[in-house]
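Remarks on the overall topology
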Amino acid sequence: MLLLAIGAPLAAMQAQELPGEDFGRWESSLRRCRIVSTSSQSRQQPPASCRLLRLDQLMEGLLSVRFLQPGGNGSFLDRQLVFAGVLAEGSTGLQCQRSRCEPSWPLRLQVSAVGQAGFGDATAALGLTRAQLATGHCLLDGRSFRCEAIGQEGQQWRAEASP
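Residues numbered from 1 in each chain as written. Predicted model: local features only at pLDDT ≥ 70, side-chain atom pairs only at ≥ 80, totals over all residues. Heavy atoms only, no water.

A cis amide bond links Trp-105 with the next residue in sequence, Pro-106, at an omega value of -10°. Summarising the element assignment, Pro-106 is placed in the loop between strand 7 (100-102) and strand 8 (107-117). Positive phi values are uncommon outside glycine, yet Arg-98 reaches one of about 50°. Relative to the assigned elements, Arg-98 resides in the loop between strand 6 (95-97) and strand 7. In this model, Ser-99 sits at a positive phi of 70°, which is unusual for a non-glycine residue. Within the fold, Ser-99 resides in the loop between strand 6 and strand 7. (Helix = DSSP H or I, 4+ residues; strand = E, 2+ residues; numbered from the N terminus.)

Below, the structure is given as structure tokens:
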């Protein structure tokens, strides 16, 4: 406990010395995207597509990977599948300035939660983002983006895309 109390101010001072910011966003249009999810009752939903990939870094090491299908054609809500977690050892976070970021490929993410809105079962059609604990991983290398995770009740999510 004493070590934590001593280490916290040191970590804060080291973080202040880092150039730039540790939070922001990067976004890219996608040429190809396929999203597959399976419910806890082992019912596979029809594959869906998306048009955008968004990476959000809330602080160094914490990242969300968002596969988006912007609203349109009578729908004012975006459909999205979000994988959130921490960067795996050896992965460098996004390099951010004024909330605009650039990734340092490849990025490896250890997924700890999945959220979705508009993809999956009928309750998601309400536009509410449902998030739940999950385990999985993402590998993003600039040429391809792949995430997969399994929920605590057996749900499965997989997204594959390329720019």
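A separate point is the nonpolar core. Counting residues in each nonpolar core, the largest one holds 30 residues, and the members touching the most others are Leu-55, Val-65, Phe-67 and Phe-83. Elements that contribute at least two residues to this core include exactly strand 2 (32-38), strand 3 (52-59), strand 4 (62-69), strand 5 (79-87), strand 8, strand 9 (130-140), strand 10 (145-151) and strand 11 (156-162). (Core = buried A, V, L, I, M, F, W, Y, C linked by side-chain atoms within 4.5 Å. Buried < 20%, exposed > 50% of the residue type's maximum accessible area, 1.4 Å probe, protein only.)

It is worth spelling out the packing of aromatic side chains at this point. Under the counting rule described, the total for this entry stands at four aromatic pairs. Aromatic pair Phe-67 and Phe-83: ring centres 6.1 Å apart, planes at 90°, arrangement edge-to-face. Placement of Phe-67 in strand 4 and of Phe-83 in strand 5 is noted, with a sequence separation of 16 residues between them. Take Phe-67 and Phe-83: they sit in the same class, and that class is buried. Three or more aromatic residues joined by ring pairs form one cluster here, namely Trp-26, Trp-105 and Phe-145. (Phe/Tyr/Trp six-rings, centres within 6.5 Å; stacked < 30°, edge-to-face > 60°.)

Let us look at the pairing of strand 1 (residues 24-29). With burial as the criterion, only one face of strand 1 is covered, namely that bearing Gly-24, Trp-26 and Ser-28; the residues Arg-25, Glu-27 and Ser-29 on the opposite face remain uncovered. Note that strand 1 and strand 3 share six bridges and pair antiparallel. Its bridge partner lying in strand 3, Gly-24 is registered against Gln-57. (Pairing = 2+ DSSP bridges.)

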